[in-house]
Amino acid sequence: MSTKKDNKNKKSNTKHNENTQKIKSALNGETGHFIGGLICLMFGVYLFLAFTSFLSAGDADQSAMAVNSVGETEIVKNHTGPAGARLAEFLINGCFGIPAYFIVIVLLIAGTKLMKAYNFTVWKWFLACMSIMYWMSVTLGFIFGDVDSFIYPGGLHGYNVSVWIQSYIGMPGLILLLIFCGIIIGVAIRRQTMEVVRKILHPNFRKNSIEEKADDVQNMPETAAATEPAPVIEESEEEVSDDESAEDETAGEKKKSKWYERLMPGGILGRLFGRKHDKDDVESDDNENEEEGEDAEKEETEQVRHNHDDSFYAEFKKENEPETYAEEVYSDDVNYTGNSIELPLDDAPVNARRIIEAEATAHTEPKTGEPEFEIEERKEEETVRGDLNVPYNPRLDLELYKFPTLDLLKTYPDDGPSIDMEEQTANKNRIIQVLRSFGIEISSIKANVGPTVTLYEITPAEGVRISKIRNLEDDIALSLSALGIRIIAPIPGKGTIGIEVPNASPKIVPMSSVLASKKFQESTYELPIALGKTITNEVFMVDLAKAPHMLVAGATGQGKSVGLNAIVTSLLYKKHPSELKFVIIDPKKVEFAIYAPIEKHFLAKLPDAEDAIITDVTKVVQTLNSLCVEMDTRYDLLKKAGCRNIKEYNAKFINRQLNPANGHKFMPYIVIIIDEFGDLIMTAGKEVELPICRIAQLARAVGIHAIIATQRPTTNIITGTIKANFPARVAFRVASMMDSRTILDRPGAQQLIGKGDMLYLQGNDPVRVQCAFVDTPEVERISEYISKQQGYPTAFELPEYVDENAEPSGAADVDMNRLDPMFEEAARLIIYHQQGSTSLIQRKLSLGYNRAGRIMDQLERAGIVGPANGSKARDVLCIDENDLQMRLSQLKVNN
């Protein structure tokens, strides 16, 4: 019984083994390879369609797949269905990003290889494609890591790898590593990458080497040049007749050279990929090792041949030179024409080009007995100066800078003008009734509805005195039960009387609607400021360059800070960082802190200042005096250029009529914004008022403009000197008529309704404007948008200011017996740089301004530096280190 069972088990095992062998043979056979290749090919095409459809429909598909609950049918826009959408989402966003297309290339190559449609070396293509895919994934992940899009160009793999590498070696190390890996991959795929890198490092490298070789050959004896063969190798007629059929077949194969051979000729992988195959030859897996050995031998032979390039002139006269020349050029670079082989010059290797140049030069040598004829070519001297016909563009330093977009500002759904006819009719009837009750008849009445106030223009009957209507202001306010009634009698330029009545439901004037208006977009003002909208719903704009200085006042909480933000926002949306700089003084320390991120774009500060937003009162005095120094320097430049104002000066500089070597430079506008001016007057007094008055009187022509704001419009804060030099005034609601008279020299500001309602005065009569509303989050978004762009290395540095009156007494009172511990180090620093600057000591030795000033006084007393020289650096009296050492030794002896 046992023997029968054993026989049955043996038979069953034998059948099982036979079936397994049949399956293996079927899979390893041509049919199995063809089916596997077809699967790879179809899957590659499917992936290509899924990826391509994902680029256009991925955003909507992500939302659909995220909202879809379990068990429901997914409705996606991807042409390959939910499976393709998820697969594309995983491979592109979840893995390698857009370089995932290289997976498609590998699948297509593997499929055509298995189907024996094309003869590729799959594993080499796989290594090349995967290397490029990984490198591009990390590169795109680093470049587009912060881009807000539904597509991650580098995928999560590229982003995470770039962040991980950057955490170890930093951003410069990551950039250098990516460049290194890219060059290595390029050299592995194509040897000409090395030539490209050489040309980048030395553009004239190949050109100079070829000219030197050609000159050497041209100086060779005439007999040697005359016996050299031409660069076209002629074949004998007998060889042509014997091998005519073989010639035709070879020429046919050359014309049908494969695309991948032309893609990568001459490189390490190029020679491996670009291997020639017979048309009828079907390569099997068993023969790959033998052919790889042959390729290795060819590589070694070709490498040895390239190593003998330096011995070119030693072998120049050998008879087998044409054969070496033909072997030197790759088969893809050879054109077979008739009985000759034409060897191209552009794509030939280095040795072949040298031979062609040498032979061409040799054939141009004169024959024996004829006089030598030589034409000497002289190269024109290179000019260092640029093209003077091209205007100077100050924006080139930040040519990629993009102005803030309007979508950073908030929009309100109901910001347009709307008219409530019931309210307007009721107000009209009440006004007519009140006037008639006092015996005043009117012939017509007209209403202009604004965002917050409606202006009723009435035409009184003949014989009615205007003063009689003006005295009824309180009675009309009582009848209308409204706050902020203001009578304009008469309206300038019209024969009517205006009565301003607040609306029952005021509208917000968003900053987005003001900046999007045609008037602002097409404005040609030098410094355009969009303040808001008038009663007639027109955008109200002023040019700060013509103002030229502005005084802003109003009670607390009436919109003064919002108005200042509207002024800054208008300038940020219109001016380039190279054309405008802000000096912001904020004693409250919190109002303008939101502009700190744009320090390297739009802000200016002292050389030794840490923060561009000035909050310290002592720094305020130094900054204002530094601005006076800047003003004087600009006036000197205007005098040299023969210009009257900054506009003419910059126009000359842009047209290259001024030489920068003479100190001329492009001048940006500087806008000084001072908040809480009253607090500065209380703490610093005349030290602040004097430089502000000087700037207000003189700085207009050189492009320096001031905007000061205060919530205490009293006569001891806004003095007569300030008022006389600030013709443009903005008054928000104030508490009393006296404050209104202080600001506007007339009443009216006390009758405003607040919340941005203001009067703008520049000239004879004030204009009532509803200030544009810009919220703090909107300003933060604008600052963040600007700060993310390329900026200048540092903020705009103002000139250093040294008080001439305080400096000599400070130097004379220095106690040389108690020198600072950093005295000698500071002295050596000054000698090394040959610049006696207090800010230099601060920056290099990390000291405060007061300590650096004391060290500078000690250096002056020791005779190492000279006295103060205004805004310029002190003169260094020591010549070198030896002189310094002698002075230090003498100083120690005296002490």
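Keep in mind that what you see is a predicted model, and the values were worked out from it rather than measured.

Enquirer: Report on the packing of aromatic side chains, specifying residues and quantitative values.
Expert: The full count for this structure, using the stated rule, is 12 aromatic pairs. Taken together, a centroid distance of 5.5 Å and an interplanar angle of 75° make the contact between F51 and Y101 edge-to-face. With F51 in helix 2 (residues 30-67) and Y101 in helix 4 (residues 101-114), the pair connects residues that are 50 residues apart, well separated along the chain. For the pair formed by F51 and Y101, the shared burial category is buried.

Enquirer: Please give an account of helix 19 (residues 473-480) that cites residues and values.
Expert: The complete set of buried residues in helix 19 reads E473, I476, A477 and L480. Down the axis of helix 19, the sector holding all buried residues measures 100°, keeping them to one side. Residues D474 and L478 are exposed on helix 19 and point more than 90 degrees away from its buried face. Here the buried face of helix 19 lies against helix 17 (421-437), helix 18 (466-470), strand 6 (486-488) and strand 7 (497-502). In the stretch just after helix 19, S481 is the one whose phi turns positive, near 55°.

Enquirer: Could you give an account of the nonpolar core, with specific residues and numbers?
Expert: Across soluble globular proteins, you tend to see nonpolar side chains buried next to one another. M550, L572, F582, Y595, V671 and F677 are the most contacted members of the largest nonpolar core, which has 103 residues in total. Apart from the residues within four sequence positions on either side, Y595 is in contact with N565, V568, T569, L572, I584, L603, I613, V779 and S783. Counting residues in each nonpolar core, the second largest holds 25 residues, with M822, L829, L847 and V865 among its members.

Enquirer: Tell me about helix 25 (residues 646-654), and please be specific about residues and values.
Expert: Taken residue by residue, helix 25 has I646, Y649, N650 and F653 as its buried positions. Seen along its axis, helix 25 keeps its buried residues to an arc of 95°; they face one direction.

Enquirer: For unusual backbone geometry, give the residues involved together with the corresponding values.
Expert: Here the residue pair A547 and P548 is connected by a cis peptide bond, since its omega of -10° sits within 30 degrees of zero. By the element assignment, P548 lies in the loop between strand 9 (539-543) and strand 10 (550-553). Of note in this structure, D745 is not a glycine but carries a positive phi near 65°. Tracing the sequence through the fold places D745 in the loop between helix 29 (737-744) and strand 16 (757-761). Phi is positive for K755, close to 55°, though the residue is something other than glycine. If you trace the backbone, K755 turns up in the loop between helix 29 and strand 16. For K755, a relative accessible area of 76% corresponds to the exposed category.

Enquirer: Would you mind going over the pattern of salt bridges in detail, with residue names and values included?
Expert: The full count for this structure, using the stated rule, is 22 salt bridges. Between R395 and E579 there is a salt bridge, and its shortest N-O distance comes to 2.9 Å. Separated by 184 residues along the polypeptide, R395 in the loop between helix 16 (350-363) and helix 17 and E579 in the loop between helix 22 (560-572) and strand 11 (580-585) bring together distant segments of the chain. Looking at E579, the relative accessible area reads 13%, which means it is buried. For E526, the salt bridge is made with K647, and the minimal N-O distance between the two is 3.8 Å. With a gap of 121 residues between them, E526 in the loop between helix 21 (518-521) and strand 8 (528-534) and K647 in helix 25 connect regions that are remote in the sequence.

Enquirer: I'd like to hear about the sheet that holds strand 4 (residues 442-449), residue by residue, with values.
Expert: In spatial order, the strands read 4-5-7-6; together these four strands make up an open sheet with antiparallel pairing. Because the sheet does not close on itself, it has two edges, and the strands there are strand 4 and strand 6. Strand-to-strand twist across the sheet, computed as the mean angle between neighbouring axes with direction ignored, equals 20°. As judged from the six bridges shared by strand 5 (residues 453-460) and strand 7, these two strands associate in the antiparallel manner. Across the sheet, residue L455 finds its bridge partner in strand 7, namely E500.

Enquirer: Break down the environment of Q433 for me, with residues and values.
Expert: Structurally, Q433 is set in helix 17. Between the alpha carbons of Q433 and I476 there is a distance of 9.6 Å; along the sequence they are 43 residues apart.

Enquirer: So what about the sheet that holds strand 10? Which residues, and what values?
Expert: A sheet is described by the order of its strands in space; here nine strands give the open sequence 9-8-17-16-15-10-14-13-11, paired in mixed fashion. Sheet topology places strand 9 and strand 11 at the edges, where each strand pairs with a single neighbour. In this sheet, neighbouring strand axes are inclined to one another by 30° on average, regardless of whether the strands run parallel or antiparallel. Bridge count between strand 16 and strand 17 (residues 767-771): four bridges; the pairing is antiparallel. Directly across from D757, in strand 17, lies its bridge partner Q770.

Enquirer: Lay out the packing of helix 3 (residues 81-96) against helix 6 (residues 155-189) with the relevant residues and their values.
Expert: Running from N to C, helix 3 and helix 6 cross one another at 0°; their axes reach a closest spacing of 2 Å. Between helix 3 and helix 6, the crossing angle belongs to the class labelled roughly parallel. When helix 3 is examined against helix 6, the residues I92, N93, G94, C95 and F96 are found in contact with a partner set consisting of G155, L156, H157 and G158. Counted by class, the contact of helix 3 with helix 6 contains four nonpolar, five polar and no charged residues.

Enquirer: Can you break down the side chain of T534 residue by residue, with the values?
Expert: Along the chain, T534 turns up in strand 8. Judged by its relative accessible area of 12%, T534 falls in the buried class. Discounting chain neighbours no more than four positions away, the residues touching T534 are P451, F540, V767, R768 and V769.

Enquirer: Tell me about the pairing of strand 11, residues and numbers included.
Expert: Regular strands have side chains that alternate between both faces of the sheet. Across the six residues of strand 11, six count as buried, placing the element largely inside the fold. Alternating positions in strand 11 separate into two faces, L580, F582 and I584 on one and K581, V583 and I585 on the other, with burial throughout. Relative to strand 13 (residues 669-674), strand 11 runs parallel, the two sharing six bridges. Within strand 13, the residue paired with K581 across the bridge is I670.

Enquirer: Requested: an account of the confidence of the model for the protein chain, with residues and values cited.
Expert: Looking at the protein chain as a whole, the pLDDT averages 77, with 72% of positions reaching at least 70. pLDDT under 50 marks residues 217-349. Its contacts with residues more than four places away, or in other chains, come to 161 contacts. In the model, residues 378-386 has pLDDT below 50 throughout and makes zero contacts with residues more than four positions away in sequence or in other chains.

Enquirer: Requested: an account of the environment of P793, with residues and values cited.
Expert: With respect to the helices, strands and loops of the structure, P793 is situated in the loop between helix 30 (776-787) and strand 18 (796-797). The class of P793 is exposed, set by a relative accessible area of 69%. Through-space distance from the C-alpha of P793 to that of K600 is 6.6 Å; in sequence the pair is 193 residues apart.

Enquirer: Residue-level account of a nonpolar patch on the surface, with values.
Expert: A contiguous nonpolar patch, built from W164, Y168, I169, L177, F180 and I184 and spanning about 680 Å² of accessible area, is present on the exposed surface. Here I184 lies in helix 6.

About the criteria used
Residues numbered from 1 in each chain as written. Predicted model: local features only at pLDDT ≥ 70, side-chain atom pairs only at ≥ 80, totals over all residues. Heavy atoms only, no water. Phe/Tyr/Trp six-rings, centres within 6.5 Å; stacked < 30°, edge-to-face > 60°. Helix = DSSP H or I, 4+ residues; strand = E, 2+ residues; numbered from the N terminus. Buried < 20%, exposed > 50% of the residue type's maximum accessible area, 1.4 Å probe, protein only. Arc of directions from axis to C-beta. Contact = heavy atoms within 4.5 Å. Core = buried A, V, L, I, M, F, W, Y, C linked by side-chain atoms within 4.5 Å. Salt bridge = Lys/Arg side-chain N within 4 Å of Asp/Glu carboxyl O. Pairing = 2+ DSSP bridges. Axes fitted to C-alpha atoms, helices over the stretch in contact; angles between N-to-C directions. Parallel < 35°, antiparallel > 145°, perpendicular 65-115°, else oblique. Nonpolar A, V, L, I, M, F, W, Y, C, P; charged D, E, K, R; others polar. pLDDT = per-residue confidence, 0-100. Patch = residues over 30% accessible without salt bridge, like charges linked within 9 Å, V, L, I, M, F, W, Y side chains within 5 Å. Areas by Shrake-Rupley, 256 points an atom, 1.4 Å probe, with all protein chains shown as cover.

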